[in-house]
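The primary structure of each chain is shown beneath.
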Amino acid sequence: MGYYNQNYPPNPHRKKGNSWVPLVLGIVIGALLVSIAVPRFLEMSEQAKTRSARNNSNDINTQEVVSLDVSTRITEVVEVVTPTVVGITNIVHRADFLEQQQESEAGTGSGVIYKKDNRYAYIVTNHHVIEGADEIEVLLSDDTVLEARLLGTDLFSDLAVLRVDGGAIDRTIELGSSENLKVGEPVIAIGNPLGHMFSGSVTQGIISGTQRTIPQDFNLDGRADWQAEVIQTDAAINPGNSGGALINMDAQLIGINSMKINQEAVEGIGFSIPVDSAWPIIDELEKTGEVKRPYIGVEIYSLEEVPRLEWDETLNLPKDIEGGVYVWSVEPLSPADKAGLDRLDVITHLDDKQIMNMIDLRKILYQEKDIGDEVEITYYRDGERRTTTIVLGVQR
């Protein structure tokens, strides 16, 4: 029977394996890999740092260029416009207990030099800045003081025109347009907030709203006598800024600032009279000293101010009516009263021209019509479409 012995002795003539050879080969190959990979890794790392530094440098340069461009433009605009913005001092004469005349400063404001001829320079400011003045002084940007003559003033637009000797004045402001202003557009306000000690102060902001209408109660009877069409801005407009300039980034006048219209105890909301609506008034004040406007004799508001629900339930308007103005009150014996208009009538057309809001109505009345003209008015009463003819009177 065969038998396998596990303790059979090894062959003394068999050769032993060389176990150190793989170890040496591994070390050699590893060294080669390290010698190749490490320099490449270091090179890639250096390139990444260079790219990062270059990108950061480009970002910084871009930020610096953008910041520099904006800042430079503002300073350029201010440099051009500042000499055309002046201080206005309202001086009144009062008698003391010995009946001797004394001068006192009733208030200060701002103004803008908009025109110059061979002899005179002409300045626009606010009506409330010079209201009640016995004398008016103009303070130029170089501290020259000139005596001004009041050519005309208008309560409703809060505008007034002054004339001074033009010998000391060599620059007038460039007129822009307020028609195509965009919300968010940057603007600059220049004036004399809190008096002449801060003359030439500059504030920056944006256009917050266009074609705003603000009710004005002149006789303080609690009823609006006028709806002021204004530009809304968040550029700071404080007492003393009244009559100053609202400027676009082309150094053009787009509005006359008015603190009179501003709401009290409200921050970040200022109002300016649009130059497009101000210019015809300025021209008329300069030439005739007063503004005569066509007059209907109604207190009206834009239909867009009324909730849509009231269009149906209160005014009973047809579904196809998209805009108009509604009559809140009618003055007795006024042209509107004589033509039969009544409270809550909704006016939609003047002489077949559609009226969407108060601004549309005022533009037609003040730019296309004259006192004494006959105007056909289309209006709705309790959902019924009606027409009437009105003879425009004169607003006093």
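Residues numbered from 1 in each chain as written. Predicted model: local features only at pLDDT ≥ 70, side-chain atom pairs only at ≥ 80, totals over all residues. Heavy atoms only, no water.

**A few points about the overall build of the protein chain**
Part 1 of the reasoning: If you tally the helices and strands in the protein chain, you get six helices and 21 strands.
Part 2 of the reasoning: Across the 396 residues in the protein chain, those meeting the buried criterion constitute 41%.
Part 3 of the reasoning: Long-range pairs, those at least 24 residues apart, make up 62% of the contacts in the protein chain with a sequence separation of at least 6.
Part 4 of the reasoning: Total accessible area on the protein chain stands at roughly 23,100 Å², and carbon and sulfur atoms take up 50% of it. (Helix = DSSP H or I, 4+ residues; strand = E, 2+ residues; numbered from the N terminus. Buried < 20%, exposed > 50% of the residue type's maximum accessible area, 1.4 Å probe, protein only. Contact = heavy atoms within 4.5 Å. Areas by Shrake-Rupley, 256 points an atom, 1.4 Å probe, with all protein chains shown as cover.)

**Some thoughts on the packing of aromatic side chains**
Part 1 of the reasoning: Applying the stated rule across the entire model yields three aromatic pairs.
Part 2 of the reasoning: Among the aromatic residues, those joined into a ring-pair cluster are Y114, Y122 and W279.
Part 3 of the reasoning: In this arrangement the basic side chain of R293 is found over the ring face of Y366, its NZ or CZ atom lying 6.0 Å from the centre.
Part 4 of the reasoning: Note that R343 overlies the ring of W328, its terminal NZ or CZ placed 3.8 Å from the centroid. (Phe/Tyr/Trp six-rings, centres within 6.5 Å; stacked < 30°, edge-to-face > 60°. Lys NZ or Arg CZ within 6 Å of the ring centre and 35° of its normal.)

**Let's talk about the pattern of salt bridges**
Part 1 of the reasoning: All told, the structure shown has 10 salt bridges when counted by the stated rule.
Part 2 of the reasoning: The salt bridge partner of K287 is D283, with a shortest N-O separation of 3.1 Å. Placement of the pair is K287 and D283 together in helix α3 (residues 275–288), with a separation of four residues, close to one helical turn.
Part 3 of the reasoning: A residue is classified by how much of its surface remains accessible, and K287, at 63% relative accessible area, is exposed. (Salt bridge = Lys/Arg side-chain N within 4 Å of Asp/Glu carboxyl O.)

**Some remarks on the side chain of N90**
Part 1 of the reasoning: Checked against the element boundaries, N90 lands in strand β1 (residues 85–95).
Part 2 of the reasoning: Among the polar contacts made by the side chain of N90, one reaches the main-chain carbonyl oxygen of V129 at a distance of 3.1 Å. (Polar contact = N/O pair within 3.5 Å; in protein donor to acceptor, adjacent residues only side chain to side chain.)

**Focus: unusual backbone geometry**
Part 1 of the reasoning: Phi is positive for L333, close to 65 degrees, though the residue is something other than glycine.
Part 2 of the reasoning: Mapped onto the fold, L333 is located in the loop between β16 (325–330) and α5 (335–338).
Part 3 of the reasoning: If you check the backbone angles, L344 has positive phi at about 75 degrees while not being a glycine.
Part 4 of the reasoning: In this fold, L344 is placed in the loop between α5 and β17 (346–350).

**Notes on the pairing of strand β10 (residues 226–233)**
Part 1 of the reasoning: Among the eight residues in β10, eight count as buried, and that is most of the element.
Part 2 of the reasoning: Residues W226, A228, V230 and Q232 line one face of β10 and the alternating positions Q227, E229, I231 and T233 line the opposite face, and both faces are buried.
Part 3 of the reasoning: Looking at chain direction, strand β9 (residues 201–216) and β10 are connected through seven bridges and run antiparallel. The residue bridging Q216 from the neighbouring strand is W226, located in β10.
Part 4 of the reasoning: With three bridges joining them, β10 and strand β13 (residues 270–274) adopt antiparallel strand pairing. Considered in β13, the bridge of I231 is made with S272. (Pairing = 2+ DSSP bridges.)

**Quick word on the pairing of β9**
Part 1 of the reasoning: Alignment of strand β8 (residues 186–191) against β9, held across six bridges, turns out to be antiparallel. Bridge pairing in β9 links I190 to V202.

**What to know about the nonpolar core**
Part 1 of the reasoning: With 29 residues, the main nonpolar core has V81, L159, I173, I247 and L253 as its most contacted residues.
Part 2 of the reasoning: Broken down by secondary-structure element, the contributors of at least two residues to this core are α1 (20–81), β2 (101–116), β3 (120–125), β6 (159–165), β8, β11 (245–247), β12 (252–257) and α3.
Part 3 of the reasoning: Ranked by residue count, the leading element in this core is α3, at five residues.
Part 4 of the reasoning: Residue contacts for I247: discarding those within four places in its chain leaves V77, V81, I173, V187, I188, Q252, L253 and I254. (Core = buried A, V, L, I, M, F, W, Y, C linked by side-chain atoms within 4.5 Å.)

**Considering the environment of I206**
Part 1 of the reasoning: Along the chain, I206 falls in strand β9.
Part 2 of the reasoning: The exposure class of I206 is partly exposed, given its relative accessible area of 34%.
Part 3 of the reasoning: Considering only alpha carbons, one finds I206 and K182, 24 residues apart in sequence, at a separation of 9.3 Å.
Part 4 of the reasoning: Not counting residues within four places of it along the chain, the set of residues in contact with I206 comprises G184, E185, P186, V187, Q232, T233 and D234.

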